[in-house]
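Here is how the chains run, residue by residue.
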Amino acid sequence: MYSANHWGGSFEIATDGVASEDDDSRNTDLDPGALQSSAARLHRHELDETQLGWLLGPPAAKKKNRHVDLGCVVVKRKVLVWAFWALVAGFVVVGVPVIVSRAIPRKIPRPPPPDQYAEALHKALLFFNAQKSGRLPRSNGIRWRGNSGLKDGSDAKDVKGGLVGGYYDAGDNIKFHFPMAFSMTLLSWSVIEYSAKYKAVGEYDHVRELIKWGTDYLLRTFNSSASTIDHVYAQVVAVGAATIKSKTPDDHYCWNRPEDMAYARPTLSVTSAPDLGAEIAAALAAASIAFRDDAAYSKKLAHGAATMYEFATRNNNQQQATYSRHRPEIEPFYNSTSYWDEHVWGAAWLYYATGNSSYIAAATGPALAKNAMAFDNGILDLSVFSWDNKLPGAGMLLSRLRMFLNPGYPYEASLSGYHRAAELDMCKCLRRFAAFNFTRGGLALFNHGRGQPLQYVVANSFLAALYADYLEAVNVPGWNCGPHFIPADDLRAFAKSQLDYILGDNPRKMSYVVGYGQRYPRHVHHRGASTPRNGVRYSCTGGYRWRDSKKADPNVVTGAMVGGPDRRDRFNDSRMAFGQTEPTLVGNAGLVAALVAVTSSGGAAGVGAVDRNSMFSAVPPLFPAAPPPPPAWKP
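The residue numbers shown here count from 1 along each chain, following its written sequence. Reporting in this predicted model follows two pLDDT cut-offs: at least 70 for local features of residues, and 80 or more for side-chain atom pairs to be given and counted; totals over whole chains, interfaces and linings ignore these cut-offs and use all residues. Computation of side-chain values covers all heavy atoms of the structure but excludes hydrogens and water.

Visitor: Now, about the overall build of the protein chain: what can you tell me, with residues and values included?
Guide: Helix and strand assignments come from DSSP, with helices taken as H or I runs of at least 4 residues and strands as E runs of at least 2, each series counted from the N terminus. When helices and strands are tallied, the protein chain shows 21 helices and seven strands. Of all 635 residues assigned to the protein chain, the portion counted as buried reaches 51%. For the protein chain, contacts bridging at least 24 residues in sequence account for 74% of all contacts bridging at least 6. Note on areas: these come from Shrake-Rupley sampling with a 1.4 Å probe, and a residue is covered only by the protein chains present in the view. Of the roughly 31900 Å² that the protein chain leaves accessible, carbon and sulfur atoms contribute 56%. Throughout this description, buried means an accessible area under 20% of the type-specific maximum (1.4 Å probe, protein chains only), exposed means over 50%, and partly exposed covers the range between. Residue contacts are defined here by distance: any two heavy atoms, one from each residue, within 4.5 Å place the two residues in contact.

Visitor: Run through the state of the cysteines, naming residues and quoting values.
Guide: The term disulfide is used for any two cysteine sulfur atoms that are within 2.5 Å. Applying the stated criterion across every chain yields a total of two disulfides. Disulfide pairing places Cys254 opposite Cys540 at an S-S distance of 2.0 Å. On the S-S bond that ties Cys254 to Cys540, the torsion sits near -95°, and the link is left-handed. Of the two residues, Cys254 sits in the loop between β4 (232–236) and β5 (267–270) while Cys540 sits in the loop between α18 (527–530) and α19 (544–547), which places them 286 residues apart along the sequence. Covalent S-S linkage joins Cys427 and Cys481, the inter-sulfur distance amounting to 1.9 Å. Where Cys427 bonds to Cys481 through sulfur, the torsion about that S-S bond is close to -95°, and the disulfide is left-handed. Of the two residues, Cys427 sits in helix α15 (residues 412–429) while Cys481 sits in strand β6 (residues 478–481), which places them 54 residues apart along the sequence. With a relative accessible area of 7%, Cys427 lands in the buried category. Unpaired in terms of disulfides, Cys429 finds its nearest cysteine sulfur in Cys427, a separation of 9.0 Å. By relative accessible area, which is 3% here, Cys429 ends up buried.

Visitor: Please give an account of the environment of Ala618 that cites residues and values.
Guide: You can see Ala618 is positioned in the segment after α21 (585–598). Taking C-alpha positions, Ala618 is 5.7 Å from Thr354, a pair spaced 264 residues apart along the chain. Excluding residues within four positions of it along the chain, Ala618 makes contact with Arg292, Tyr352, Ala353, Thr354 and Gly355.

Visitor: Explain the pattern of salt bridges to me, and be specific about the residues and the numbers.
Guide: Salt bridges are defined as contacts in which a side-chain nitrogen from Lys or Arg sits within 4 Å of a carboxyl oxygen from Asp or Glu. If you walk through the whole model with that rule in mind, you get 21 salt bridges. With a closest N to O distance of 2.9 Å, Lys175 and Asp152 form a salt bridge. Highlighted residues: Lys175 in strand β3 (residues 175–176) and Asp152 in the loop between α5 (116–130) and β3, separated in sequence by 23 residues. As far as the burial class goes, Lys175 and Asp152 line up, both buried. What you see here is one network of salt bridges that share partners, running through Arg145, Arg257, Glu259 and Asp260.

Visitor: With reference to specific residues and values, describe the side chain of Thr599.
Guide: As for its placement among the helices and strands, Thr599 is situated in the segment after α21. Polar contacts involving the side chain of Thr599 include one to the main-chain amide nitrogen of Ser601, which spans 3.2 Å. With residues near it in sequence (within four places) discarded, Thr599 still touches Asp115, Tyr117, Ala118 and Lys197. Residues adjacent in sequence count toward polar contacts only when both atoms are side-chain atoms; beyond that, a polar contact is any pair of N or O atoms within 3.5 Å, and within protein one must be able to donate a hydrogen and the other to accept it.

Visitor: Give a detailed account of the nonpolar core, specifying residues and quantitative values.
Guide: Soluble, globular proteins show a tendency: their nonpolar side chains are buried together. Among the buried residues, those of types Ala, Val, Leu, Ile, Met, Phe, Trp, Tyr and Cys that are joined through side-chain atoms within 4.5 Å form a nonpolar core. In terms of nonpolar packing, the biggest core is built from 170 residues, with Trp189, Trp349 and Phe462 touching the most fellow members. The biggest single contributor to this core is helix α16 (residues 453–473), with 15 residues. Apart from residues lying up to four places away in sequence, Trp189 is in contact with Trp345, Trp349, Phe385, Gly393, Met396, Leu397, Phe462, Leu463, Leu466, Tyr470 and Met615.

Visitor: Explain the sheet that holds β4 to me, and be specific about the residues and the numbers.
Guide: One open sheet accounts for three strands, arranged β3-β4-β5; its pairing is antiparallel. Both outer strands of the open sheet, β3 and β5, are each paired with one neighbouring strand and no more. Strand pairing is assigned whenever DSSP detects at least two bridges linking the two strands. Here β4 pairs with β5 via four bridges, running antiparallel. Across the sheet, Tyr233 pairs through a bridge with Ser269, a residue of β5.

Structural data, given as structure tokens:
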């Protein structure tokens, strides 16, 4: 048998040439060694690379790095894998806790606590609830008050439903319409300027309800649906002229709760009321702006304001009698010294409420400014804003028009005069210029040390803080008092210093707002607060026991700002010291306005200083719009 050929190919031994057996024999004979060598060479086969591959098998595979083509870059697969797991780990470490934390219910963060001014504001507004007359709503919130004065105005046959409602003026039970109207004007002004602040502290609806309670009543004091009228009711007062020395049953001689009044309360009608009429017009006009979101009510208020202003100014070409002249029921209490200031004040408010240019023409007329002595800076008391002097308030209103809208001709000359007067009024507030005296404790004596000093302090503090906000709104850092530049913050500092004094930063360390702080007046000159509601109906003089009692008031008239200390910072907490312990409607209206002007509560919510636009919502554009471009010419 033949041996197997494990290598493949022929068994023939190839040589370089063709060899014969003879050659091999010859070679063998000659050289046996060579022959052996030749045989060995014949059997040796040189393997090529392929054959070696068959013999040795496949070579060990060499590890290669695999790559992934991502389009713009080629990345090693291992790197891509590590990156993927890194993302997964990051999601587990970061993403899962975030998802879990968001899924867990969280408590809404509480807003920062209100500052002292906001806290006092809440209380100051409650005083108006305590002063309400008429049938009280269940939501009034003053438990010791009830329905009262339900027969008021029953003798006024031309008033449907009588004069039920409104507010009692102070610690007595009289409804004085002149200071009541001014109080509503102040409250409305504060709402127009600082509505965002009222909303931030949760008092917006409350303060508007208080304003409406007052303006609803003022609309009943005359025929507000008519276009012309010939009289207005000035107040509801008791028999006996309600004089201080009266000995007959009336609102001053008697000391009993308004719910227990048993004496007659006739109304007082006047046919000449240039001051009262203009003030009522101002109150209704200002409220119509504050209630702009209630179109029907706003329109009703504006119409009533126009009717009343026409009544107040119909005889401007001749001297008129003030509403209080020769009237003993009014003169000792709210005697109006002039009416020209109310005419400027009322006209300014009616212009903002209606946009009727006749009102701004009247307010800026040179004759009216002259009669009102608007630019007479030599009379110090004309710089004090109060229920009797509206010039500083009117000057501030007209300065607002110039600062924000700048109408120019033909109003610029007059508006610049009012603006200069307003700036001088602000200069006189500052202690450094010594226009007014201050107590050692720092209280400004705008009424020269007489009784009821605080109502003047808060009204003028409101104007100071408001003017500072006007300057901020138009990006002006301050103003000049002669050669001295005064930063706007100095006005805010003044306003805050006066309010701080009232709230307890004074030599007695006593708050003059009832219910605020730990130490406040406990013997307020107030019939309702001093007489307990115990089911007993005390007679006219039977209530004297509570007036003369040394005990603290059984009913706390929360938020009432009393009259205030004397010029030496002394205070007599006695019901008989009515100049110091009696609260008033106008005093609290000024207090509310000043407090909302200076409080910073709600500022974190983006509450600005003043509302620039609401005041001018009815004012038409002062300059005509540019005409449209002519149509393009076509051939």
